[in-house]
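Coordinate inspection notes
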Amino acid sequence: MSQDSPSFETTPGPSGETHQHVPNGGPHDAGLAHLTTNQGLRISDNQNSLKAGRSGPVLLEDFVLREKIFHFDHERIPERVVHARGHGAHGVFECTRAIPELTKAGLFAETGKKTPVFARFSTVAGGAGSIDTPRDVRGFAVKFYTDEGNWDIVGNNIPVFFIQDAIKFPDLVHAVKMEADKGYPQAASAHDTFWDFISLMPEAMHMVLWQMSDRTLPRSPRFMEGFGIHTFRLVNGAGEGHLVKFHWKPVLGIQSTTWDEATKIAGADPDYHRRDLFETIERGAFPQWELGIQVFDDGWAMEQPYDVLDATKLIPEEVVPVTIIGRMTLDRNPDNFFAETEQSAFCPANVVPGIDFTADPLLQGRLFSYLDTQKSRLGTTNFHQLPINAPRCPFQNFQRDGMMQMGVPHGRANYEPNSLFEQGEPTGPRECAETGFVTFPDAAQRDDSCARLRMRPELFDDHYSQARLFYRSQTPVEQSHLASAFVFELSKVDLEHVQQRMLTRLAAVDMDLAHRVAKGLSLPLPAPAKSAAPVFDMDPSPALSILSAGQPRMNGRTIGLLFAEGSSRDSIERMRDAIEAQQGRVVLVSQKVGLQEVRDGTLKADAKLEGSPSALFDAVVSIIPPEALSALRSDHTAREWFADAYAHCKTIGACPATLRLLGEWGIAADDGVTNLQDFPHVAPARHWAREPRVRLLA
Ligand code: HDE
């Protein structure tokens, strides 16, 4: 490590990467048995403050108390202005297909090359203490600690964005966050100001269709796609550039919950997603995503009917296929949420040689914002020295001082060039024309006038074609979810002129969609809004639909198994084996917790029925003896457990006694209500044909 970089010790972590610790004898030296003050003084009593006499007032002299309270008073740091609620994990990225012909970036130079990563998933609108499952876009940010410096893909789980130009971002965020006068709603877009703004921003139409789709109700980050959104630039060793879009594809497949499920999960477990990721990693079932790229050149881009630098547009995978080049495995939870996840600072401007930006005006604004926000959130320009943010490769320059400087630079030279010599060599680092980062010279190619204009490129004016593409690429079930989400959100809007205006926008997207939403709101269907550019039909893209990919698999899913005293332990264990054989997981649920007498021994319940609604599981199965029926009959939670599983279109595995109970409760047997034998084969499937029987859909 160079003389200028902070002198942290490095030790290998489980992913083979190096993992930085606070310097020797630091505040969290695990080897130290004694409690000390921050000055290293051993503390004799951590229970009582220093008083004048046994019951006398506390003395100002008590520096141990004062130091402890002083530090506690300042424990909180400002939360992120957006993406405040998030959780993350460490892992490793492995290049599975080298692409030196496209980029000189070292992490893609050889197949098999491994790079440590830290990933953080987040909601956008809610505060740090809000819930994990609101209807919201999810952040998907990954920091690659490469040998050539840190590279961050700071993306979302949706491939497009609300706005085209960074200058609108503060307006967007103000509109979606809690209303300025009321201070509510928290973590919700279903309110006046959001839809007022959106209905005035036709460029947001494509994104709001994604937002109203099931994509914003992910089952957990493990089942989420991620996207870099913007078009970036790859540059190879010969200096040739290609345009690129980045995609993360979850190995377990994409899956979402229903809206009703998401709201019930929010009540039962506000930490559903962070718990899911943490516990899955603890169990060793490491989640994985494949990194894919869509590569195209400038000439092709110029021929498209949309502008690839417009972040409200995507390139269908059917047009430019996604090539998989690597795999990310998250295999280590943070040791400390604050030190790592909360203090992690991502920045789209963190790139490495071989990866460059484009002139996308949204991206360009982001290049400024992230560095700036860290100064107010982490309090110092030296946030890059925090272990979670520091590069794992040596780094050094002549930036000096600042608050909380951890490095102790050596020598007199703190400027460059200098002619101070040490052992015959000039002191300190020098620029490197051969291997240093060089900006790809494409900025002015598109518009050689280079006039300074507050304008957008012409193709940015088409706001509806891709929104239409998205709607028409969905299955009928997804279309009805989408229309219902619009009805729900707009039903929370008190301003009728905003509802009307939004309907004119939807009519410009697709008349069927607008008609369904208008009907749901009992409003007349207005004429479509005028489009600033011609709207055209694109070929539907099945890759944009979640359900087109088929039914979910058992791998990575959780099954709730209800049992009672007197249940057959043997049947329960056979069921568990069959589920685990397919990499599923079983949670044993009962009306009581702890060890229980069952027919052939004892069995310990993992969870109490009350507090473990079926919304927390991917499917449910019930193995109960007839004598348990009367206790279950009078238990409202038990009834809801099955009724919700049914309403959320989940598979219900039922023993004969359970079937009787379901019959009494009017829960109709259908394809998704199976016997115990069939259950493990169909369990994770959703039975959407049931939905119109249990829900009024738009
Ligand atoms: Fe961000 N965004 N953003 N954003 N963003 C932040 O940076 C910003 C945008 C995204 O897990 C902030 O450290 C502007 C698009 C993620 O820590 C801030 C614009 C996309 C995260 C900021 C955008 C994102 C952030 C707040 C419009 C998807 C969380 C705290 C030009 C490609 C990263 C922070 C994490 C966080 C600004 C638009 C993704 C204020 C100005 C588009 C995943 O700097």
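Residues numbered from 1 in each chain as written. Predicted model: local features only at pLDDT ≥ 70, side-chain atom pairs only at ≥ 80, totals over all residues. Heavy atoms only, no water.

1. Topic: the domain arrangement of the protein
Accessible area lost during the coming together of the parts is what is often quoted as the interface size. Under the domain assignment, the protein is made up of domain 1 (1-44 + 63-75), domain 2 (86-160 + 218-376) and domain 3 (553-694). The straight-line distance from the C-alpha centre of domain 2 to that of domain 3 is 36 Å. Opposite the 18 residues of domain 2 that make contact, domain 3 presents 16 residues. For the pair domain 2 and domain 3, the two sides together bury roughly 1400 Å², of which 42% comes from carbon and sulfur. Contact with domain 3 buries surface across domain 2, with Leu252, Gln255 and Glu261 losing the most and accounting together for 33% of the total. Taken together, the connections running from domain 2 to domain 3 amount to 4 salt bridges. The interface formed by domain 2 and domain 3 contains 10 residue pairs in polar contact (both at pLDDT 80 or more). Considering every element that reaches the side of domain 2 that touches domain 3, the biggest residue donor is helix α5 (residues 259-268), with 5 residues. (Domains from an automatic or database assignment. Contact = heavy atoms within 4.5 Å. Buried area = accessible area lost by both parts, 1.4 Å probe. Salt bridge = Lys/Arg side-chain N within 4 Å of Asp/Glu carboxyl O. Polar contact = N/O pair within 3.5 Å; in protein donor to acceptor, adjacent residues only side chain to side chain. Helix = DSSP H or I, 4+ residues; strand = E, 2+ residues; numbered from the N terminus.)

2. Examining the sheet that holds strand β22 (residues 673-674)
Read from one edge to the other, the open sheet built from 6 strands follows the order β19-β16-β15-β20-β21-β22, with strand pairing classed as parallel. Two strands close off the open sheet at either side, each with one partner strand: β19 (607-608) and β22. Both strand β15 (residues 558-563) and strand β16 (residues 585-590) contribute to a ladder of 5 bridges, which runs parallel. Looking across to β16, one finds that glycine 560 is bridged to valine 587. Lying on the sheet, helix α17 (residues 656-664) is in contact with β20 (619-623), β21 (652-654) and β22; it crosses β21 at an angle near 120°. (Pairing = 2+ DSSP bridges. Axes fitted to C-alpha atoms, helices over the stretch in contact; angles between N-to-C directions.)

3. Quick word on unusual backbone geometry
Look at the link from tyrosine 184 to proline 185: it is a cis peptide, with omega at 0°. Of note, the bond from glutamate 416 into proline 417 is cis; its omega dihedral lies within 30 degrees of zero at 5°. Locating proline 417 in the fold gives a position in the loop between α9 (361-378) and β13 (421-422). At cysteine 649, a position not held by glycine, the phi torsion is positive, near 65°. With respect to the helices, strands and loops of the structure, cysteine 649 is situated in the loop between α16 (636-647) and β21.

4. Considerations on the packing of helix α11 (residues 476-491) against helix α13 (residues 511-521)
Between α11 and α13, the shortest axis-to-axis distance is 9 Å and the interhelical angle comes to 45°. Classed by the angle they form, the pair α11 and α13 counts as oblique. The handedness of the crossing between α11 and α13 is right-handed. Here Gln479, Ser480, Leu482, Ala483, Phe486, Val487, Leu490 and Ser491 of α11 lie close against α13, whose contacting residues are Leu513, Arg516, Val517, Gly520 and Leu521. Per-class residue counts for the contact of α11 with α13 are 8 nonpolar, 4 polar and 1 charged. (Parallel < 35°, antiparallel > 145°, perpendicular 65-115°, else oblique. Left-handed = near helix turned anticlockwise from the far one by under 90°. Nonpolar A, V, L, I, M, F, W, Y, C, P; charged D, E, K, R; others polar.)

5. A closer look at the site of the ligand
Close contacts around the ligand come from 23 residues, with Arg80, Arg120, Ser369, Tyr370 and Gln374 the closest. For the shell around the ligand, the elements supplying multiple residues, two or more each, are β5 (138-146), β6 (149-156) and α9. Here the shell around the ligand takes 6 residues from α9, the largest share from any one element. Here the shell around the ligand is composed, by residue class, of 12 nonpolar, 8 polar and 3 charged. (Near = heavy atom within 4 Å.)

6. Points about helix α2 (residues 169-176)
For an α-helix, 3.6 residues make a turn, and residues three or four places apart therefore share a direction. Of all the positions in α2, only Leu172, Val173, Ala175 and Val176 are classed as buried. The buried side chains of α2 occupy one side of the element, clustering within an arc of 160° when seen end-on. Those residues of α2 that are buried are in contact with α3 (192-199). (Buried < 20%, exposed > 50% of the residue type's maximum accessible area, 1.4 Å probe, protein only. Arc of directions from axis to C-beta.)

7. Quick word on the packing of α2 against α3
For the pair α2 and α3, the least separation of the axes is 7 Å and the interaxial angle reads 145°. Together, Asp171, Leu172, Ala175 and Val176 of α2 and Thr193, Phe194, Phe197 and Ile198 of α3 make up the contact between the two elements. Broken down by class, the residue content of the contact of α2 with α3 amounts to 6 nonpolar, 1 polar and 1 charged.

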